[in-house]
Amino acid sequence: MESAEIRRRWLRFFEERGHTVVPSASLIADDPTLLLVPAGMVPFKPYFLGEVKPPFKRATSVQKCVRTPDIEEVGKTTRHGTFFQMCGNFSFGDYFKEGAIRYAWDMLTSSVEDGGYGLEPDKLWITVYLDDDEAETIWREKIGVPAERIQRLGKKDNFWSMGVPGPCGPCSEINYDRGPEFGAEGGPAVNDERYVEIWNLVFMQYERGAGDGKEDFPILGDLPAQNIDTGLGLERLAMILQGVQNMYETDTLRVVIDKATELTGVQYGAAHGSDVSLRVVADHMRTSVMLIGDGVTPGNEGRGYVLRRIMRRAIRNMRLLGAPGPVVGELVDTVISTMGRQYPELETDRKRIETVALGEEASFNQTLKAGTAILETAVGDTRSAGSTVLSGDKAFQLHDTYGFPFDLTLEMAAEQGVSVDEDGFRRLMKEQRDRAKADARAKKTGHTDVTAYREVADRSGTTDFTGYASTLGEAS
Ligand code: ATP
Ligand code: MG
Ligand code: MG
Ligand code: MG
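Note that this is a predicted model, so its numbers are computed, not measured. Numbering of residues starts from 1 in each chain and follows the order in which that chain's sequence is written. Going through the entries in the order they are written, you letter the chains from A and number the ligands from 1. Note on the predicted model: pLDDT of at least 70 is required for a residue's local features to be given, and 80 or more for side-chain atom pairs to be given and counted; whole-chain, interface and lining totals, by contrast, use all residues.

A.B. asks: What exactly am I supposed to notice about the overall build of the chain here?
C.D. replies: Where helices and strands are cited, they refer to DSSP runs of H or I of at least four residues and of E of at least two residues respectively, numbered from the N terminus. Check the secondary structure of the chain and you find 17 helices and 11 strands. Every radius of gyration here is taken over C-alpha atoms, with the globule rule written as 2.2 Å times N^0.38, N being the number of residues. At 25 Å, the chain has a C-alpha radius of gyration in line with the 23 Å of a compact globule built from 476 residues. Structurally, the chain occupies a C-alpha span of about 75 × 50 × 50 Å along its principal axes. Contacts are defined on C-beta atoms placed from the backbone: any two residues whose C-beta positions lie within 7 Å are in contact. Once local pairs closer than 6 in sequence are excluded, the contacts in the chain between residues at least 24 apart make up 68%.

A.B. asks: Just to check I follow, could you spell out the site of ligand 1 for this structure?
C.D. replies: In the vicinity of ligand 1 there are 16 residues, among which His80, Phe84, Asn200, Gly231 and Gly233 approach most closely. Counting only elements with at least two residues in the shell around ligand 1, the list comes to β3 (83–92), β8 (195–208), β9 (219–233) and α6 (234–241). Here the shell around ligand 1 takes 4 residues from β8, the largest share from any one element. The residue inventory of the shell around ligand 1, partitioned by class, reads 5 nonpolar, 5 polar and 6 charged. Each residue gets a C-beta atom placed from its backbone. If that atom is within 6 Å of a molecule or strand, the residue is near it. Think of it as three bins: nonpolar holds Ala, Val, Leu, Ile, Met, Phe, Trp, Tyr, Cys and Pro, charged holds Asp, Glu, Lys and Arg, and polar takes everything else, Gly as well.

A.B. asks: Looking at this structure, how should I read the environment of Phe217?
C.D. replies: Within the secondary structure, Phe217 sits in the loop between β8 and β9. Through-space distance from the C-alpha of Phe217 to that of Cys168 is 10 Å; in sequence the pair is 49 residues apart. Apart from residues lying up to four places away in sequence, Phe217 is in contact with Ser161, Arg208, Gly209, Ala210, Gly211 and Asp212.

A.B. asks: Where do I start with the pairing of strand β4 (residues 124–129) in this structure?
C.D. replies: The side chains of a regular strand alternate between both faces of the sheet. For the exposure call, what matters is how many other C-beta atoms sit within 10 Å of a residue's own: 20 or more marks it buried, 12 or fewer exposed, and in between partly exposed, using C-beta atoms placed from the backbone. Most of β4 is tucked away, with 6 of its 6 residues classed as buried. By the alternation rule, side chains of β4 split into Leu124, Ile126 and Val128 and Trp125, Thr127 and Tyr129, which are all buried. Here β4 runs beside strand β7 (residues 166–177); their pairing, made up of 5 bridges, is antiparallel. Across the sheet, Ile126 pairs through a bridge with Ile174, a residue of β7. One ladder, built from 4 bridges, connects β4 with strand β5 (residues 150–153); its direction is parallel. Looking across to β5, one finds that Ile126 is bridged to Ile150. Taking the sense of rotation as the criterion, the β-α-β connection linking β4, helix α4 (residues 133–143) and β5 turns out right-handed. Between any two strands, pairing holds if DSSP finds at least two bridges. Crossover handedness is defined here as right-handed if the route from the first strand over the helix to the second strand goes clockwise, with the strands pointing away from the viewer.

A.B. asks: Got a minute to help me understand the nonpolar core in this structure?
C.D. replies: Note on soluble globular proteins: their nonpolar side chains tend to be buried together. Think of a nonpolar core as buried Ala, Val, Leu, Ile, Met, Phe, Trp, Tyr and Cys residues chained together by C-beta atoms that fall within 7 Å. Membership of the largest hydrophobic core comes to 99 residues, with the highest contact counts inside it found for Ala104, Met285, Val289 and Val332. The dominant element in this core, judged by the number of residues it contributes, is helix α8 (residues 272–293), at 9 residues. Two domains each put at least three residues into this core: domain 1 (3–241) and domain 2 (250–348). In terms of nonpolar packing, the next biggest core, distinct from the first, is built from 18 residues, Leu390, Ala395, Leu408 and Met412 among them. Segmentation into domains, and thus their bounds, comes from an automatic or database assignment.

A.B. asks: Honestly, helix α9 (residues 302–320) in this entry has me stumped. Any pointers?
C.D. replies: One turn of the α-helix equals 3.6 residues, which is why residues spaced by three or four share an orientation. Helix length check: α9 (19 residues) gives 27 Å between terminal C-alpha atoms against 27 Å at 1.5 Å per residue, within 8%. For α9, the tally of buried residues reaches 15 of 19 residues, placing the bulk of the element in the interior. Remark: Gly322 follows α9 within two positions and exhibits a positive phi of approximately 95°. How far a helix is expected to stretch is found by multiplying one less than its residue total by 1.5 Å.

A.B. asks: What should I look at first to understand the packing of helix α7 (residues 251–264) against helix α10 (residues 328–339) in this one?
C.D. replies: Describing two packed helices takes the angle between their axes plus the distance from one axis to the other. Here an angle of 0 to 180 degrees is reported between the N-to-C directions of two axes, which are lines fitted to C-alpha atoms, with helices fitted over the stretch in contact. Orientation of α7 relative to α10, taken along the N-to-C sense of each, is 160°, at an axis distance of 9 Å. Viewed along their axes, α7 and α10 adopt a mutual orientation that is roughly antiparallel. In the crossing of α7 with α10, the sense of the turn from one axis to the other is right-handed. Counting all contacts with α7, which are made through Thr252, Val255, Val256, Lys259, Ala260 and Leu263, the residues of α10 involved are Glu330, Leu331, Thr334, Val335, Thr338 and Met339. Residues belonging to the contact of α7 with α10 are distributed by class as follows: 7 nonpolar, 3 polar and 2 charged. Roughly parallel refers to an angle under 35 degrees, roughly antiparallel to one over 145, roughly perpendicular to one between 65 and 115, and oblique to any angle outside these ranges. Should the near helix be turned counterclockwise from the far one by less than a right angle, the crossing is left-handed, whereas a clockwise turn marks it as right-handed.

A.B. asks: Where do I start with the environment of Leu278 in this structure?
C.D. replies: Its location among the elements puts Leu278 in helix α8. Of the residues examined, Leu278 has 27 C-beta atoms within 10 Å and is grouped as buried. Put simply, Leu278 and Gln267 are 11 residues apart on the chain and 9.3 Å apart in space, counted from C-alpha to C-alpha. Beyond its immediate chain neighbours, meaning those up to four positions away, Leu278 contacts Ile257, Ala260, Thr261, Tyr268 and Leu321.

A.B. asks: Help me understand the domain arrangement of the chain in this model?
C.D. replies: A common way to report how large an interface is uses the accessible area buried once the components associate. Per the domain assignment, the segments making up the chain are domain 1 (3–241), domain 2 (250–348) and domain 3 (371–476). When each unit is reduced to the centre of its C-alpha atoms, the spacing between domain 1 and domain 2 is 28 Å. On the domain 2 side, the residues contacting the 20 residues of domain 1 number 21 residues. Elements with a contribution of two residues or more to the side of domain 1 that touches domain 2: α1 (3–15), β2 (58–66) and α6. Looking at the side of domain 1 that touches domain 2 residue by residue, the class counts come to 10 nonpolar, 6 polar and 4 charged.

A.B. asks: So what exactly am I meant to see when it comes to the packing of α8 against α9 here?
C.D. replies: Here α8 crosses α9 at 145°, and the two axes come no closer than 8 Å. Where α8 crosses over α9, the handedness of that crossing is left-handed. Facing Ser277, Val280, Val281, His284, Met285, Thr287, Ser288, Leu291 and Ile292 of α8, the residues of α9 in contact are Leu307, Ile310, Met311, Arg313, Ala314, Asn317, Met318 and Leu320. Here the residues of the contact of α8 with α9 are counted per class, giving 11 nonpolar, 5 polar and 1 charged.

A.B. asks: What is the right way to look at the confidence of the model for the chain in this model?
C.D. replies: Low pLDDT means the predicted coordinates in that region are not meant to be read closely. Taken residue by residue, the chain gives an average pLDDT of 90. The fraction at 70 or more is 92%. Across the chain, each position has a pLDDT score giving the predictor's confidence in that residue, from 0 to 100. A low-confidence stretch, residues 444–476 stays under pLDDT 50, and its non-local contacts, those more than four residues away or across chains, total 36 contacts. Listed scores for the predicted complex are pTM 0.86 and ipTM 0.99.

In structure tokens, the structure reads:
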């Protein structure tokens, strides 16, 4: 079943059951506490918090999501993307645990002819929160899941709160057993690659107090109205329904892997290292297109930096794979052609998305050209001095003068068996920020003296002033 069909079915199933279909919100969160939308419930947050009265009792959506904290997992686990789509159904004081559990079960196990996804019930494993006997009883007695396929998990996995006083509650998750080829048996509590988590059902039933962040807080009592928030990963379900090994091989991402293969001549499946790179390229290029599509432009702060980092990581992996020339144009084109079926605005906006992406590739190439040579010399010098730690000074100079991303310095140094004095680098970054602040106060104007950067440009030829841009408040 194609991704587009998974999405259509989802919305139809819940619409037929009285849910209002709400289009995906932009990735740029309309929420001062978030840079980007990481979950389907974000656009509904004011309803859950009781700040705004919801215009409906039930809603459903397929929300575009970006989770940068998952970046290191991409391509290495089988199931983490920086971009993914979360299918959700939501109840605002309407149905609760039993309703949510029954819908989820019916959606997954109803036959394809009946509008479901046709999963085999025996392959589904359930987790519930430690003390949530109510949920377990529903699964066992109302749905008929045998007790041995229900496991209990703690707060980290199966209890939800927003990190602030307000609604919270236990979750129950549905996991799919992909079989012995993915490792040992024992259920999701012991093997999360074999028993892959596909759907999280959150039961908002308590009110939490301030406490200490996400995990340690007092429960003040029951909420006046109980809510449901669920999220199913579209790519994870696609991976199962399409019978592929990981989410990067599902229809909308596989074509990007194939394009990267064509551009580099490296076959997918040839070696673990190059496979990881190809998967990173597919994931990151898609995320870049979706971010640019929603209006993010590459920069050195906030969302712009998220985009820059992800896009540069994709380009760099293409280089590691041996791509000789520019790659972004064709990769962006491929992503738009496949994602455009579900997001037609990408097609309409093709020209602008390409222009932004190509500009970033050009600017990164300039940066790389200047920086790589210097890094190599620095690593050589470090070695000849009998050390395996590149100084914070050198890393800072690369970043400050040449706009060479710090994470790239770390990565490239590590490839040559050298680490970097990160503390030293961060100290210099802080000193520079403090100086910049003092400067700005002294000048009392918003203008920056660019002469220093001009000298750099003169020295290194046609540099595109990425060094200039990269010195402005980059955090890492
Ligand atoms: P995991 O434990 O696998 O990291 P999670 O518990 O962090 O997932 P939730 O926050 O419960 O995920 O999100 C709901 C659903 O969204 C998950 O069950 C999964 O199907 C999907 N999902 C979460 N993170 C990702 C990701 N990085 N890439 C693809 N799908 C994801
Ligand atoms: Mg996670
Ligand atoms: Mg989880
Ligand atoms: Mg989860």
